[in-house]
Amino acid sequence: MNKLPVGRTIAFAYRFTFTHLGTIIGLVWIPLVLIAVLRFLPYAFGGNPDAAPENLTEEGRRALEAIGSTLLIALLYSMAYVPVIRQALGLREGPAMVHFALGPPEFRLFGAILLFALVLICMAFAMAIAGTLFGGLVNAAAGKPSLIAFVAALSIIIMFCAMLFIALRLGFLLVPVTVAEQQISLGRSWSLTRGNFWRILGVILATTLPILLVDLAIVVAIVGPQQFFAPFPVGDAQTMNAAMSQRLAPLGQHMPLYLGLRLIVEPFMIGLNLGACAAAYRALAPAASPNKAV
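Small disclaimer: the values here were computed from a predicted structure and weren't measured. Numbering of residues starts from 1 in every chain and runs along the sequence as written. Confidence filtering applies because this is a predicted model: local features only for residues at pLDDT of at least 70, side-chain atom pairs given and counted only at 80 or more, and all residues used for totals across whole chains, interfaces and linings. Computation of side-chain values covers all heavy atoms of the structure but excludes hydrogens and water.

Engineer: Just checking my understanding: could you explain the nonpolar core for this structure?
Structural biologist: Side chains of a nonpolar character, in soluble globular proteins, are inclined to be buried together. Put simply, a nonpolar core is a bunch of buried Ala, Val, Leu, Ile, Met, Phe, Trp, Tyr and Cys residues held in one set by side-chain atoms that sit within 4.5 Å of each other. Residue exposure (1.4 Å probe, protein chains only): buried if accessible area is under 20% of the type maximum, exposed if over 50%, otherwise partly exposed. V28, V84, I85, F172, L173, Y258 and Y281 are the most contacted members of the largest nonpolar core, which has 62 residues in total. Where this core is concerned, the elements lending two or more residues are α1 (6–19), α2 (21–40), α3 (56–89), α6 (174–180), α8 (197–223) and α12 (255–284). The element contributing the most residues to this core is α12, with 15 residues. For V28, the contacting residues outside a window of four places in its chain are A80, V84, P267 and I270. In this structure, A112, L170, L174 and L186 belong to the second largest nonpolar core, which totals eleven residues. Secondary structure elements follow DSSP: runs of H or I of four or more residues count as helices, runs of E of two or more count as strands, with numbering from the N terminus. A contact between two residues is defined here by any heavy atoms of the two lying within 4.5 Å.

Engineer: How should the packing of α8 against α12 be read in this particular structure?
Structural biologist: Helices that pack against each other are described as a pair by the angle of their axes relative to one another and the distance between those axes. Axis lines are fitted through C-alpha atoms, for helices just across the contact stretch, and the angle between N-to-C directions can take any value from 0 to 180 degrees. Packing of α8 against α12 brings their axes to within 9 Å, and their N-to-C directions diverge by 175°. Overall, the two elements α8 and α12 adopt an arrangement that is roughly antiparallel. Here V203, T207, T208, I211, L212, V214, D215, I218, V219 and I222 of α8 come into contact with α12, specifically with L257, Y258, L261, R262, V265, F268, M269, L272, N273 and A276. Its residues assigned to classes, the contact of α8 with α12 shows 15 nonpolar, three polar and two charged. Note on angle classes: values under 35 degrees are labelled roughly parallel, values over 145 roughly antiparallel, values of 65 to 115 roughly perpendicular, and the remainder oblique. In the scheme used here, Gly and all other residues not listed as nonpolar or charged are polar, with Ala, Val, Leu, Ile, Met, Phe, Trp, Tyr, Cys and Pro taken as nonpolar and Asp, Glu, Lys and Arg as charged.

Engineer: Before we go on, may I ask you to explain a nonpolar patch on the surface in this structure?
Structural biologist: A surface patch of nonpolar side chains, amounting to about 660 Å² of accessible area, comprises I25, W29, V33, V37, L41, M97 and V98. Within the secondary structure, V37 sits in helix α2. Candidates for patches are residues over 30% relative accessible area with no salt bridge; among them, like charges are joined within 9 Å and nonpolar side chains (Val, Leu, Ile, Met, Phe, Trp, Tyr) within 5 Å. Only the protein chains shown count as cover for residues, with accessible areas throughout obtained via the Shrake-Rupley method and a probe of 1.4 Å. For this analysis, a salt bridge means a side-chain nitrogen from Lys or Arg found within 4 Å of a carboxyl oxygen belonging to Asp or Glu.

Engineer: Just to check I follow, could you spell out α1 for this structure?
Structural biologist: Three or four residues apart is the spacing at which side chains of an α-helix point the same way, because the helix has 3.6 residues per turn. Expected helix span is taken as 1.5 Å per residue step, with the number of steps being one fewer than the number of residues. Counted at 1.5 Å a residue, the expected span for α1 with its 14 residues is 20 Å, and the 20 Å between its end C-alpha atoms agrees. Regarding α1, the residues found buried are T9, I10, F12, A13, F16 and T17. Along the axis of α1, the buried positions cluster into a sector of 160°, meaning they face one direction only. Away from its buried face, by an angle of more than 90 degrees, α1 presents the exposed residues R8, F18 and T19. Looking at the packing, one finds that the buried side of α1 touches α2, α3, α8 and α12. By arc we mean the arc of the directions from the helix axis to the C-beta atoms, nothing more.

Engineer: Looking at this model, I keep getting lost on the pattern of salt bridges. Mind explaining?
Structural biologist: Pairing between side chains becomes possible if they bear opposite charge and their charged atoms approach one another. A full pass over the atoms with the stated rule returns four salt bridges. The partner of E266 in a salt bridge is R39, and the shortest N-O contact between them spans 3.7 Å. In this pair, E266 sits in helix α12 while R39 sits in helix α2, placing the two residues 227 residues apart along the sequence. Accessibility expressed as a relative area gives 8% for E266, which makes it buried. We note a salt bridge from R188 to E181, for which the minimum N-O separation is 3.0 Å. The exposure class of E181 is partly exposed, given its relative accessible area of 23%. It is possible to trace a salt-bridge network through shared partners that takes in R39, D215, R262 and E266.

Engineer: Would you mind going over unusual backbone geometry with me for this structure?
Structural biologist: Glycine aside, the phi torsion of most residues is negative, and most peptide linkages are trans. In the Ramachandran plot, Q182 falls in the positive-phi region, its phi being about 55° despite a non-glycine side chain. Note on placement: Q182 falls in the loop between α6 and α7 (186–192).

Engineer: Help me understand the packing of α2 against α12 in this model?
Structural biologist: Packing of α2 against α12 leaves a shortest axis separation of 9 Å and a crossing angle of 145°. Regarding α2 and α12, the two cross each other, and that crossing is right-handed. Only M255, P256, L259, R262, L263, E266, P267, F268, I270 and G271 of α12 make contact with α2, whose side of the interface consists of L21, I24, I25, V28, L32, V33, A36, R39 and F40. The residue makeup of the contact of α2 with α12, split by class, is 15 nonpolar, one polar and three charged. The sense of a crossing depends on the near helix, which, turned anticlockwise from the far helix by less than a right angle, makes the crossing left-handed and, turned clockwise, makes it right-handed.

Engineer: Help me understand the packing of aromatic side chains in this model?
Structural biologist: By convention here, two paired aromatic rings are described through the distance between centres and the angle between planes. Any two of the Phe, Tyr and Trp rings considered here, Trp counted by its six-membered ring, make a pair once their centres fall within 6.5 Å; the pair's planes then place it as stacked at under 30 degrees, edge-to-face at over 60, or tilted in between. Counted according to the given criterion, the structure contains seven aromatic pairs. Ring centres 6.0 Å apart and planes at 10° place the aromatic pair F12 and F16 in the stacked group. You can see F12 and its partner F16 sitting in helix α1, four residues apart, about one turn around the helix. The exposure class assigned to F16 is buried, which follows from its relative accessible area of 4%. Taken together, the ring pairs in this structure connect F165, W190, F197 and W198 into an aromatic cluster. Lysine and arginine charges are scored as sitting over a ring when NZ or CZ, respectively, is within 6 Å of the ring centre and within 35 degrees of the ring normal. Its guanidinium or amino end placed over the ring of W190, R169 lies 3.9 Å from that ring's centre, counting from NZ or CZ. When the ring centre of F12 is taken as reference, the NZ or CZ atom of R282 above it lies at 4.7 Å.

These figures come from the coordinates and say nothing about function on their own.
Printed below as a string of structure tokens:
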């Protein structure tokens, strides 16, 4: 069992991103622009996708549009990830101004992402059902509101930790394994990351948290600090959802600005994440010999 060198992995991620930033932008800008257009379409022509649907027909239409948009966005991200991970692994060399490819490697990664998402969705449903049944048993046995609330909170924490553990173990090396080894194998990622959960978590926090803070700063600047950090009302789920929608309403009104700023931030996010994944893959699978004929 190999141990992930946290410091070297983080250092490589930042070095790769800032050394090859121009190349990364050239490799990903077309998919990212198309993703931004897809995300803006629900807001185009004065639409408000955050508003409650007027009837079941509209709700069904929105659901189908959301599924189609999500699948297309996942495919576009696959088109962006493949060349960047190949650059980070040394399977691709040289700069790039424009890159647009849709072939077996991209569809293979798209399939891997869908499989990963399906596994997480099935796990979430299973855990929700188990939590509901367990909560019902506690309710029937105890009948004490304070005990029920404590058990419910503890169950949520345990389920969240389990989901996080499995998601990181399955997903951290998903992209390099799929691209370098030309196979869809969640089991391969799971076996390579054995005994490295906390190291992986540290790497992800170091490479992802700074960009997330930048994204949060963009949202706060658009929404307004006073509105964003205003006290949150306490009530049922419907009241809280309505309050959240009202709080983020300015974001929808300035969606082109937000998406434009995201276009600047996302190459850094992709470079840091995939740079870390590439370094981790080389450390945890040193015997792997990626086929360059992708």
